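# Remarks on the overall topology
Single-letter residue listing:
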Amino acid sequence: MRPIHSKITEIIEESPNVRTFFFDTHFETAIPGQFVMVWVHGTDEVPMTLSGKNSITVQKVGDATSRMFELGIGDHMGLRGPFGRGFTPPEKDEKVLFIAGGVGAAPIAPLADIIKARGIEGHTILGSRCCDEILFRERFACGRVDITTDDGSEGRSGFVTDQLAETDTSDYDRIYVCGPEIMMYKVFEILKTRDVHVKTEFSLHRYFKCGIGVCGACSMDPEGLRVCRDGPVFNGSELEGSEFGHYERDSSGCKCHF
Amino acid sequence: MNIAGIELKNPTILASGIMGTTGAALARMGRNGAGALVTKSIGPVPKKGHNNPSMVELECGYINAMGLPNPSYSGFCEEIGIAKSKTDAPLIASIFGGDSAEFTEVARGLLSSKPDCFELNVSCPHAEGYGASVGTDPDLVHEITASVVDAVDVPVWVKLTPNVTDITSIGRAAETAGASAVVAINTVRGMAIDIHSGYPILGNRFGGLSGPAVKPVAVKCVYDLYKALDVPVIGVGGITCPQDAIEMILAGASAVEIGSAVHDDTQIFETINKGIDAYLQKYGYSKTEDIAGLSHEMI
Ligand SMILES: Cc1cc2nc3c(=O)[nH]c(=O)nc-3n(C[C@H](O)[C@H](O)[C@H](O)COP(=O)(O)OP(=O)(O)OC[C@H]3O[C@@H](n4cnc5c(N)ncnc54)[C@H](O)[C@@H]3O)c2cc1C
Ligand SMILES: Cc1cc2nc3c(=O)[nH]c(=O)nc-3n(C[C@H](O)[C@H](O)[C@H](O)COP(=O)(O)O)c2cc1C
Ligand code: FES
């Protein structure tokens, strides 16, 4: 598909470095965890998870995202998608745990919306660097929410993994995780020792070129799974023994260790 | 089947630039039935490639301008080793450079990882100073091919660009310089513009067309090369089903490479192989060699 010329209809300042952009293009069939390729005219095209049917939630980190932050209501971006494999939504009677760090809350928030609508209770461990950067706390309010901040400015001082270490996970049917890879890997290790990693789904991040499963830029070792097409959401069992948590590749294909 | 100096498991080969950046991805395509595997084109130094968008699906095919991203030959030897250790499909190293010295440097640099063959990319249409910038000049193609053939002890294939007036003159240059086969075609130079914003869609503004749109172009190139050359021709461009592969073989291809179609089906190699076998059986042939170039006899 060609990029869909999409008009920005609303911008919400979530934190000093994170904004949600709403568009006049709605991806009604999108499953939580799926992404769109966002074309910032004249700059670059980058992958962003849909944080809603017609929104992306963006952290300003470099060229494309800085350019996005200069755009206002009425300006346009090109959107292609929805692409990739999303999360498996929970069944009615299942118990759900969300673990989100930083902007990693973006792919998980639509899942929280779904379970709220279905009347399922969800427990969330929501981490961020400081109190100003806690994302979507109201969207996760469908059950207990444990907040952790690196600097202790709100909730528990420390990382989501500190909270997880003290959380009994034996009862949960599904555990959904997204955040920086090191955080996700620490979560994976904890859940693996408890032998519940197979109930877990992780949303991964790799450098995308084509974004549609052809070029192989986002392939993970050792099975050659494509993060853009076979993922970005993977079951914990698919990640066992993989490069996950160890290294990724940059745009030239060179390995970068975490 | 032995084609142009290498023992293919079957006539369907993974084309360069598709799932070819890591050894694991290549091996996955080998497990999915590819008869041989061509790597992403590898050059002398690490290259990031062009900005995105770098590949977009259009109504009739795909347009891409990746810009030859690669980790350089020193960074890629390990990946070839992994691909070779994880699959028994022959491994063809695609390489590029700006001149014969660079091509030879890259080929020599990859030799320690023991590729079964080299494919020279003198045909990428959107990398300044590389690819088609050198591949449209028969003398340069001759010089580059001769120098790589001289430097390595495995077969050398030369992948040609269709963006020339007469592809056979370039094919002949490759053949007389010692190429074991020619591969046709690389992408057809093209462009797509977003009519709403006015921006060219690709980060590089223009790029190369692939997929169904280019098949008739590829068939004609293969047909002409088959007639003009003695070395085998490998057909590539727009193959998405067994019928496409058979058409290419009838035009003169000894084997085919498949690229964009991996988008719709990563099992495409198996599907096409089965379809070719069924066709051969239906029309009473025993092997693909029996039908290669057959359409030339239908006058
Ligand atoms: C499936 C997926 C979903 C994502 N969802 C979100 C989201 O919801 N919100 C959000 O803020 N960020 C998200 N990201 C990350 C986002 O794509 C990058 O932060 C963004 O591309 C940065 O672009 P830049 O030009 O501003 O930064 P640059 O200065 O170009 O790069 C900064 C870093 O961003 C990453 N990056 C740059 N280009 C790409 C690319 N083409 N593909 C992948 N990573 C890239 C690299 O890690 C790079 O080191 C997601 C990434 C992936 C793969
Ligand atoms: C995303 C992409 C990347 C490519 N990269 C290379 C490359 O590195 N070297 C090369 O010789 N050809 C490259 N090609 C060209 C293909 O190998 C092939 O010649 C062309 O796509 C036509 O075949 P198809 O229609 O089956 O895709 C690339 C094609 C695509 C679509
Ligand atoms: S980015 Fe090209 S295959 Fe995933």
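As the structure is a prediction and not an experimental result, all values here were calculated from the model. (Residues numbered from 1 in each chain as written. Chains lettered and ligands numbered in written order. Predicted model: local features only at pLDDT ≥ 70, side-chain atom pairs only at ≥ 80, totals over all residues. Heavy atoms only, no water.)

## Focus on the site of ligand 1
By nearness alone, 22 residues border ligand 1, and Pro-47, Thr-57, Gln-59, Ala-64 and Thr-65 of chain A come closest of all. The residues that come close to ligand 1 belong to more than one chain, namely chains A and B. Between an oxygen atom of ligand 1 and a side-chain N or O atom of Thr-65 of chain A, the distance comes to 2.5 Å. A distance of 3.3 Å separates a nitrogen atom of ligand 1 from a polar side-chain atom of His-205 of chain A. Relative to its unbound accessible area of 870 Å², ligand 1 is 79% covered by the protein chains. Mapped onto the shell around ligand 1, the elements with two or more residues apiece are strand E4 (44–52), strand E5 (55–59) and helix H1 (63–69) of chain A. (Near = heavy atom within 4 Å. Polar contact = N/O pair within 3.5 Å; in protein donor to acceptor, adjacent residues only side chain to side chain. Areas by Shrake-Rupley, 256 points an atom, 1.4 Å probe, with all protein chains shown as cover. Helix = DSSP H or I, 4+ residues; strand = E, 2+ residues; numbered from the N terminus.)

## Thoughts on the interface of chain B and chain A
Listed per partner, the contact involves 42 residues of chain B and 37 residues of chain A. For the chain B and chain A pair, buried surface summed over both sides reaches about 3200 Å², with 52% attributable to carbon and sulfur atoms. Taken as a group, Asn-52, Met-55 and His-263 of chain B account for 18% of the area that chain B buries against chain A, more than any other trio of residues on that side. Taken together, chain B and chain A are joined by 5 salt bridges. Applying the counting rule to chain B against chain A returns 20 residue pairs in polar contact (both at pLDDT 80 or more). At 4 residues, helix H1 (residues 23–31) of chain B tops the list of elements feeding residues into the side of chain B that touches chain A. (Contact = heavy atoms within 4.5 Å. Buried area = accessible area lost by both parts, 1.4 Å probe. Salt bridge = Lys/Arg side-chain N within 4 Å of Asp/Glu carboxyl O.)

## With respect to the confidence of the model for chain B
When pLDDT is averaged along chain B, the result is 95, and 99% of the positions lie at 70 or above. As scored by the predictor, the complex reaches a pTM of 0.96 and an ipTM of 0.94. (pLDDT = per-residue confidence, 0-100.)

## Focus: the packing of helix H8 (residues 242–251) of chain B against helix H9 (residues 268–282) of chain B
Residues and elements named next belong to chain B. Close contact between H8 and H9 brings their axes to 8 Å; oriented N to C, the two are set at 60 degrees. In terms of orientation, H8 and H9 fall into the oblique class. Every pair of crossing elements has a handedness; the one defined by H8 and H9 is right-handed. The residues of H9 that touch H8, namely those facing Pro-242, Ala-245, Ile-246, Ile-249 and Leu-250, are Thr-271, Ile-272, Gly-275, Ile-276 and Tyr-279. Looking at the contact of H8 with H9, its residues break down into 8 nonpolar, 2 polar and no charged. (Axes fitted to C-alpha atoms, helices over the stretch in contact; angles between N-to-C directions. Parallel < 35°, antiparallel > 145°, perpendicular 65-115°, else oblique. Left-handed = near helix turned anticlockwise from the far one by under 90°. Nonpolar A, V, L, I, M, F, W, Y, C, P; charged D, E, K, R; others polar.)

## Describing the packing of aromatic side chains
Residues and elements named next belong to chain A. Scanning the model with the defined rule gives 13 aromatic pairs over all chains in all. Aromatic side chains Tyr-185 and Phe-188 sit 6.0 Å apart centroid to centroid with 20 degrees between the ring planes, which places their arrangement in the stacked category. Of this pair, Tyr-185 and Phe-188 both sit in helix H4 (residues 181–193), 3 residues apart, which is roughly one turn of the helix. Here Tyr-185 and Phe-244 contribute two aromatic rings whose centre-to-centre distance is 5.6 Å and whose plane-to-plane angle is 80 degrees, an arrangement assigned as edge-to-face. One end of the pair, Tyr-185, is in helix H4; the other, Phe-244, is in the loop between helix H5 (236–239) and strand E16 (247–249), and 59 residues separate them in sequence. Residue Tyr-185 is classed as buried on the basis of its relative accessible area, which comes to 17%. Take Phe-244: its relative accessible area is 1%, and that puts it in the buried class. (Phe/Tyr/Trp six-rings, centres within 6.5 Å; stacked < 30°, edge-to-face > 60°. Buried < 20%, exposed > 50% of the residue type's maximum accessible area, 1.4 Å probe, protein only.)

## Observations regarding the sheet that holds strand E5 (residues 55–57) of chain B
Residue and element names in this part refer to chain B. With antiparallel pairing, 4 strands are arranged side by side in an open sheet as E5-E6-E12-E11. Across the chains shown, the open sheet's two edge strands, defined by having one partner strand only, are E5 and strand E11 (188–191). Ignoring strand direction, the axes of neighbouring strands in this sheet form an average angle of 35 degrees. Pairing geometry for strand E6 (residues 62–64) and strand E12 (residues 206–210), over 3 bridges, is antiparallel. In the sheet register, Ile-63 faces E12, and the bridge partner there is Leu-209. (Pairing = 2+ DSSP bridges.)

## Remarks on the pairing of strand E7 (residues 91–95) of chain B
All names here are of chain B. Buried residues dominate E7, accounting for 5 of its 5 residues. What you see with E7 is no split at all: Leu-91, Ala-93 and Ile-95 on one side and Ile-92 and Ser-94 on the other are buried throughout. Relative to E7, strand E4 (residues 36–38) runs parallel, the two sharing 2 bridges. Opposite Val-38, over in E7, you have Ile-92 as the bridge partner. Here 4 bridges tie E7 to strand E8 (residues 117–121), and the two strands are oriented parallel to one another. Note on E8: the bridge partner recorded for Ala-93 is Phe-118. In terms of handedness, the path from E7 via helix H3 (residues 100–111) over to E8 forms a crossover that is right-handed. (Right-handed = clockwise from strand over helix to strand, strands pointing away.)

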